[in-house]
Structure formats: structure tokens, C-alpha cells
Amino acid sequence: MVDLGLKTLLHDKVRFGITTLGVAFAVTLVLVQIGLFVGLLDNSTITIRKFDADLWVTSKNSPNLDFVHQFPESNVYRVRSIPGVERADNLILSFMQVALPTGAEETTIVYAMKDFEPWGVPWRVQGGNLDDLRRGNFVMFDASAEKRFGSFAVGDYREVNGKRLRVVGVTSEAKSFTTTPLSFMAYEKAQELAPDLLSGKASYILVKLAPGTDREQVRREVARRLPHNDVYTSAEWATRSRDYWIENTGLGFNAFLTVFLGCLVGVVVVAQTLYASTMEHIKEFGTVKAIGGSNLDIYRMLAKQASIAAGFGFVLGYLPAQLLKPVIAQADLKLIIEPEFTVAVAFGTLVLCLCSSLIAFRKVASIDPALVFRS
Amino acid sequence: MFSVVAEEVTKVFREGRDDVPVLKGASLSIAPGEIVSLEGPSGSGKTTFLSILGCLLSPTSGHISIAGETLEAKRPAQLQTIRKRHIGFVFQQFNLFPALSALENVEYALNLKGVPGKAAYEQALALIERVGLADRAKFLPRDLSGGQKQRVAIARALAAEPSVLLADEPTANLDINVAETILDLFVELAQRDQRALLIVTHDPKVRRVVDRTVRIEGGRIAA
């Protein structure tokens, strides 16, 4: 079968190139912007996902991981005594100040526990040993802190909340939504550095259940014993934290706006070029009708042209988005393009291009048939 | 039986709030194998009449029958069916698809008329040979002369063997010698396959090959 749509599209290579690039630009825009957004959200919950905890006991009505109130550390004993609880430990999460060699100060989010080892956090220690944290005035910084703190290495000293601590290890991948660098230190050391805020207090109780334990039953019991706290599963707490950033920072709206603008750019470019091409070839469409073609034949042709533009445009837009990943990583940002999102963008691109072709089709469907006789 | 029958055909166009009658009761019949030329001044309704006979437009009133099939004004879908089955067009500007080769232009028309893949290719090749362009089959229209383009257009019009050929100023863009050759080809195609052929023209050379000439003036067939 002769494919008039395809041949016409390829016959006018410049126009085809412009259409494809327009679609590609829109695809890259959507993939990169949403990928960055997902990357930020991933940062906001990465520690929740990495802690090997079944339940998180938080202060009442805490909105997200980073914004917590402290509560009595003795609450942990009431949790440990619940049947089915294999392990329950206090976790401190607190903002502290790091004095830089320049004289400036930066903020760090401190995670402090008596023993990090059973919980699997920090999960990637590049230099040093977690056990060292318990032996004195020691701290571990995440490598991502280098941008804020300047370069540091194991063995260097930094002043945290006025106390000189030795860097005994460097972690990686531990990040926060706000890009404030993460630090890890011993539980007592954190309380020592901020006695007014943290003495006798904890930010969270992490709960690990024994195998075969009914999680809901334990959760109900924790809630009964600690009525001034909330209890979440890891997944629930991650969702609550993530939703906070989406709903309260305008980032969700920003992501929506980006997708909308990306779609708009794609639709306008495809619709405009297809429409211009249709107007240029309007007599040919009239001829298709005159020699026996129907409106359906013409729509199929336009739809095929739009689908090809969508296909090429998607591939040309997807590749730069992937190639940008290492560049974006250098800026200490994460670009996460999930396979499901990729499929959704591909499908969306196709649907929007097909919708764009409807504008051109409306014009063709209403042409004066006698047009074919005009010179 | 006539291949084309048009009786008391009227066509009124709406322009703003005004009704503009273009055809005011035009009648014409063409027998199989008959060649008729339609002449008339600008604005006389030639193109509108041709569009209606070619099932590109529905008449406002009147009776139309093409190859025995009566056109019903209230069934626009029927226009396409009749056009597809029974009518071949040849245009003044050739109207070839610039992205398709000569052969593909014919093959595509066959595809539209329901002839699939290989069969369409073989029939298109035969039609291209029939109009004497076998050696130009793979050429794009831009690489063909005016006469060659018109031959391709004729081959395309013959796709699926229509019983009626409608030609709009087919010699207007051709030089004298080429025009004569094209007209001879028309005669051969009409007579050999008993096709009704209506040629709308201002070209006096056409009179040499037609069986009769009719004139349209003021929306009516004058003679």
C-alpha cells in the first residue's frame, strides 16, 4: 500500500524536522522538570526508606520528617515492652550549626542514635567506621555537604554547635529535601551539643517487629500506650512527608504547571506545523477526496503523520533527558525518570499529537470540494 | 442506458444572508463511449456542474444518475461511494501528489478504491504503460514534463476502471503538440472502453475530438 502520509512527511524534511524538534523539546522539558521534582521528593524520604523500621513513632501531628518536636526519651521503654517488638530505639533528628573555616556558619540536619548498625543507616559509608561515632567527639558528614562546608576528609575537625568534632567518616546519598547536609553522630553527643532542646528527649522511636507479628496490633498498642504520639508505618510516614512538600511548598503546582506548559508547547508546535503543512497541501487533500478518498482516509493520514512526529519527537526528547543525568548530578541534584513515567509521557505525547492533528483535520473536512479545479 | 444523467439540476449557494443560484435547471446526458465538451464563460456554472456530476457536491434539486446509480441528496456518504466506484477526474493543474512517483500516484488511487498491495502495483504499472510512461514510472512529478504529468493524471483517473471520466481544462497547460496527443489518448480511452467523457474546456482544439459540444450560460445548458 502506498503511504501518502509518510511520504509527504518525509518529502518535506525541514518541516518534519521542526515538528519533531518541537515535540522533543516539550518531552525533554517535562521529563527533566518532573524528574528533578521526583528526585527532590526522593531525597525528602530517602532516610525513612533506608531505616530498617516497621513503625515510626513520631511527636503528635508532625508534618514531615524534618519538622519534628521532641518528646520524652523514656517513651521508648513503653514500646520495647510490647509483645512482638523485636527492637525499639530512639532517634534524634535536629538542626545544628556547623562553623566553617571561613568563619561562616551552615546548618546541618543531625541524625543521632546510640547504635546505627541494626537500622542500616547511614547505608553507604565511604570512609570510617560507624562504631567510631560512639567513642568520643566524632561526627560523620555526607559527601554532599562539601558544597556548603567546603572540602573535608576523614581526620579533619569541624565545630558543630560550638563543639569541635573530628570527622570520622564520610557517607553518601544521604540527603534532605531542602538540600541541607546530613550529619550522623552518637545519641548522647547530640544531646550534649543541644542540651536545652535535646536533653532527655528523642525525636522518633524506630520500631522493628519480630517475624510473624501482626503489625496493626502492635501499632494499636503503641498508640494506646503513647497517646501523645503518632504511629506510622514506614510507607505512611514517607507518604506524609512527601505530601507535605508537594502541598505546602507550591512544588506540586509548579510540577503541574511544567507538565501543562510542556504539553502546551508540544501541542502548539505540532498543531501549528501540521496545520501549516495541511494548508500548504490542501489541494492534495481535496484531490484525495476527488479520487475516492474519504474523510477517514485523510484523518488516518494526518494521524499517522502526527504519530510519527510523536514517536521521533519522544525519542529525541528522551535521549537528552537521560544524557543530562550526570550533568544534573554534578549540581548535586537527582533526576529520576521512572519507567512508568516514561511510558506515561510517551503515551501522552502520542495522544496530544493526535489531538493536534484534529485541528488540521477540521480544516480538511470542511474544504470546498471544487478547490481541486482551481488553478 | 446513459452513463451520466442530469435533469433539471439546480444549485444554490448561501453567501451571508443571500441565496446565490448558480445552476438553474441544467440537464445533460452522456452515453457510454460518448465524448462531450462543456463550454461557457466564467461564472456560468461550469465548475459547479462538474463538481455535482463528479459527486463532489450535492445538487439543491434535480435528478442525477451516474452509471445507473441515482444520487440521493440526503445521503452525503453516497457521494463518496459513487465517486469511488464510477468516476475518474483529470485536472487542469494535474493535481499529482508531489511526494509520490508517477507509479505511486496511480497505485495510491487504486488503494483508495479498494485495490490492495500487489494487485494495485501491477494494475498501476499496466496503466502507466498504457499512457506510454513505463520508462518514467519511478519519476517524481517535479521531474516530468507537463504532458507527462497529464498522462500520469489520466492513468490515475483510469484507476479501477471508472465508467465516467471528467476532465477540467485538460489541455490548458500543455503546448499544442502535447495537447493533441493527450486528446487522442482521451479518444482512445473513451471509445475503446466505452467510457463517458466530459471535458470542460475553453480550448477550440478539443472540438476536433468530441462527439458534441454543449454550452452552459447563466446556469442553464444552452445548446
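Cut-offs used in this document
Residues numbered from 1 in each chain as written. Chains lettered and ligands numbered in written order. Predicted model: local features only at pLDDT ≥ 70, side-chain atom pairs only at ≥ 80, totals over all residues. Heavy atoms only, no water. Helix = DSSP H or I, 4+ residues; strand = E, 2+ residues; numbered from the N terminus. Rg over C-alpha atoms; globule rule 2.2 N^0.38 Å. Buried < 20%, exposed > 50% of the residue type's maximum accessible area, 1.4 Å probe, protein only. Contact = heavy atoms within 4.5 Å. Areas by Shrake-Rupley, 256 points an atom, 1.4 Å probe, with all protein chains shown as cover. Lys, Arg positive; Asp, Glu negative; His and termini not counted. Charge placed at Lys NZ, Arg CZ, Asp CG, Glu CD. Axes fitted to C-alpha atoms, helices over the stretch in contact; angles between N-to-C directions. Left-handed = near helix turned anticlockwise from the far one by under 90°. Nonpolar A, V, L, I, M, F, W, Y, C, P; charged D, E, K, R; others polar. Domains from an automatic or database assignment. Buried area = accessible area lost by both parts, 1.4 Å probe. Salt bridge = Lys/Arg side-chain N within 4 Å of Asp/Glu carboxyl O. Expected span 1.5 Å × (residues − 1). Arc of directions from axis to C-beta. Pairing = 2+ DSSP bridges. Core = buried A, V, L, I, M, F, W, Y, C linked by side-chain atoms within 4.5 Å. Phe/Tyr/Trp six-rings, centres within 6.5 Å; stacked < 30°, edge-to-face > 60°. Lys NZ or Arg CZ within 6 Å of the ring centre and 35° of its normal. Polar contact = N/O pair within 3.5 Å; in protein donor to acceptor, adjacent residues only side chain to side chain.

1. Notes on the overall build of chain A
- In terms of regular secondary structure, chain A is built from 12 helices and 12 strands.
- Relative to the 2.2 N^0.38 estimate, which gives 21 Å for 375 residues, the radius of gyration of chain A is 29 Å and therefore markedly larger than a compact globule would have.
- Expressed along its principal axes, the backbone C-alpha trace of chain A runs to roughly 95 × 50 × 30 Å.
- Buried positions account for 50% of the 375 residues belonging to chain A.
- Pairs at least 24 apart in sequence give 78% of the contacts found in chain A among residues at least 6 apart.
- Split by element, the accessible area of chain A, about 16800 Å² in all, is 58% carbon and sulfur.
- Taken together, the 39 basic and 37 acidic charged side chains of chain A have centroids lying 4 Å from each other.

2. Description of the packing of helix H2 (residues 13-50) of chain A against helix H12 (residues 339-365) of chain A
All names here are of chain A.
- Between H2 and H12, the least distance of the axes is 11 Å, while the angle of their chain directions is 145°. In terms of crossing hand, the pair formed by H2 and H12 is right-handed. The residues of H12 that touch H2, namely those facing Val-23, Val-27, Val-30, Leu-31 and Ile-34, are Phe-341, Val-345, Thr-349 and Cys-353.
- Considering only residue class, the contact of H2 with H12 consists of eight nonpolar, one polar and no charged.

3. Here's the deal with the domain arrangement of chain A
All names here are of chain A.
- Along its sequence, chain A is carved into domain 1 (2-43 + 250-373) and domain 2 (61-227).
- Tallying the contact residues gives seven residues for domain 1 and five residues for domain 2.
- Interface area for domain 1 against domain 2, summed over the two sides, is near 640 Å², with a carbon-plus-sulfur share of 54%.
- Considering only the side of domain 1, the residues that lose the most area to domain 2 are Leu-40, Asn-43 and Asp-332, jointly responsible for 69% of the buried surface there.
- If you look at where domain 1 meets domain 2, you find zero salt bridges.
- Taken together, the residues of the side of domain 1 that touches domain 2 sort by class into four nonpolar, two polar and one charged.

4. A short note on helix H8 (residues 234-248) of chain A
Residues and elements named next belong to chain A.
- Here H8 is 15 residues long and its end C-alpha atoms lie 21 Å apart, about the 21 Å a rise of 1.5 Å per residue gives.
- The set of residues buried in H8 consists of Ser-234, Trp-237, Ala-238, Ser-241 and Trp-245. Down the axis of H8, the sector holding all buried residues measures 105°, keeping them to one side. Facing away from the buried side of H8 by over 90 degrees, the exposed positions are Ala-235, Glu-247 and Asn-248.
- Looking at the buried positions of H8, the neighbouring elements they touch are H2, strand E1 (55-59), strand E11 (204-209), strand E12 (229-233) and helix H9 (251-280).
- Gly-250 sits one or two positions beyond H8 and adopts a positive phi of about 80°.

5. Re the sheet that holds strand E7 (residues 164-168) of chain B
Residue and element names in this part refer to chain B.
- Overall, mixed pairing links the six strands, which are arranged E6-E7-E8-E3-E9-E10 in an open sheet. Unpaired on one side and paired on the other, strand E6 (87-90) and strand E10 (220-221) mark the two borders of the sheet.
- The sheet strands contacting helix H1 (residues 46-53) are strand E3 (35-39), E6, E7, strand E8 (196-200), strand E9 (212-217) and E10, and the helix crosses E8 at an angle near 155°.

6. Things to note about the nonpolar core
- Grouped together as the largest cluster of nonpolar side chains are 81 residues, with contacts concentrated most on A:Val288, B:Val106, B:Tyr108, B:Leu110, B:Ile128, B:Ile154 and B:Phe186.
- Contacts of B:Ile154, omitting those with residues within four sequence positions, involve B:Val90, B:Val131, B:Ile182, B:Leu185, B:Phe186 and B:Leu189.
- Judged by nonpolar contacts, the second largest core, of 37 residues, contains A:Leu55, A:Ile82, A:Val110 and A:Ala190.

7. Remarks on the sheet that holds strand E5 (residues 69-70) of chain B
Residues and elements named next belong to chain B.
- An order of E2-E1-E4-E5 is seen for the four strands of this open sheet, with the pairing classed as antiparallel. This sheet does not close on itself; its edge strands, each paired only once, are strand E2 (18-30) and E5.
- As paired strands, strand E1 (residues 4-15) and strand E4 (residues 61-66) are joined by five bridges and run antiparallel to one another. Residue pairing for E4: Thr-10 is matched across the bridge by Ser-61.
- Along the sheet, H1 contacts E1, E2 and E4; its crossing angle with E1, the most-contacted strand, is approximately 120°.

8. Things to note about the pattern of salt bridges
- All chains considered together, the criterion is met by 40 salt bridges over all chains.
- One salt bridge in this structure joins A:Lys114 and A:Glu188, with 2.8 Å as the shortest N-O distance. Of this pair, A:Lys114 sits in the loop between strand E4 (105-113) and strand E5 (125-127) while A:Glu188 sits in helix H5 (residues 187-193), and the two are 74 residues apart along the sequence.
- For B:Arg212, the salt bridge goes to B:Glu34, with nearest N and O atoms at 2.5 Å.

9. Some points on the pairing of E1(B)
Residues and elements named next belong to chain B.
- Two strands pair when backbone bridges link them, and E1 and E2 are joined in this way by 10 bridges, in the antiparallel orientation. Residue Val-4 lies in a different strand from E2, and its bridge partner there is Ile-30.
- The turn linking E1 back onto E2 is made up of two residues, and Gly-16 within it adopts a positive phi angle of 65°.

10. Quick look at the packing of aromatic side chains
- The final tally for this structure, using the stated rule, is 20 aromatic pairs over all chains.
- Ring geometry for A:Tyr244 and A:Trp245: centres 5.3 Å apart, planes at 80°, overall edge-to-face.
- Assessed through its relative accessible area of 21%, A:Tyr244 is described here as partly exposed.
- Residue classification places A:Trp245 among the buried positions, given a relative accessible area of 6%.
- Look at B:Phe97 and B:Tyr108: their rings are 5.5 Å apart centre to centre, the planes differ by 90°, and that puts the pair in the edge-to-face class. With B:Phe97 in the loop between E6 and helix H3 (102-112) and B:Tyr108 in helix H3, this pair connects stretches of sequence that are 11 residues apart. We note that B:Phe97, like B:Tyr108, is buried.
- Grouping aromatic residues by their ring pairs yields a cluster made of A:Phe51, A:Trp56, A:Tyr111, A:Phe116, A:Phe184, A:Tyr204, A:Tyr232 and A:Trp237.
- Here the guanidinium or amino end of A:Arg164 rests over the ring plane of A:Tyr157, the centre of that ring lying 4.2 Å away.

11. What to know about the interface of chain A and chain B
- Residue-level contacts link 24 residues of chain A with 31 residues of chain B.
- Counting the surface chain A buries against chain B, the share from its top three residues, A:Val2, A:Ile291 and A:Phe373, is 31%.
- Counting across the chain A and chain B interface gives one salt bridge.
- Residues A:Lys7 and B:Glu104 are paired through a salt bridge, measuring 2.5 Å at the closest nitrogen-oxygen approach.
- The tally of links from chain A across to chain B stands at six residue pairs in polar contact (both at pLDDT 80 or more).
- Elements with a minimum of two residues in the side of chain A that touches chain B: helix H1 (4-11), helix H10 (282-290) and helix H11 (295-330) of chain A.
- Take the side of chain A that touches chain B: its biggest share by element is six residues, from H10(A).
- Residue composition of the side of chain A that touches chain B, grouped by class: 11 nonpolar, seven polar and six charged.

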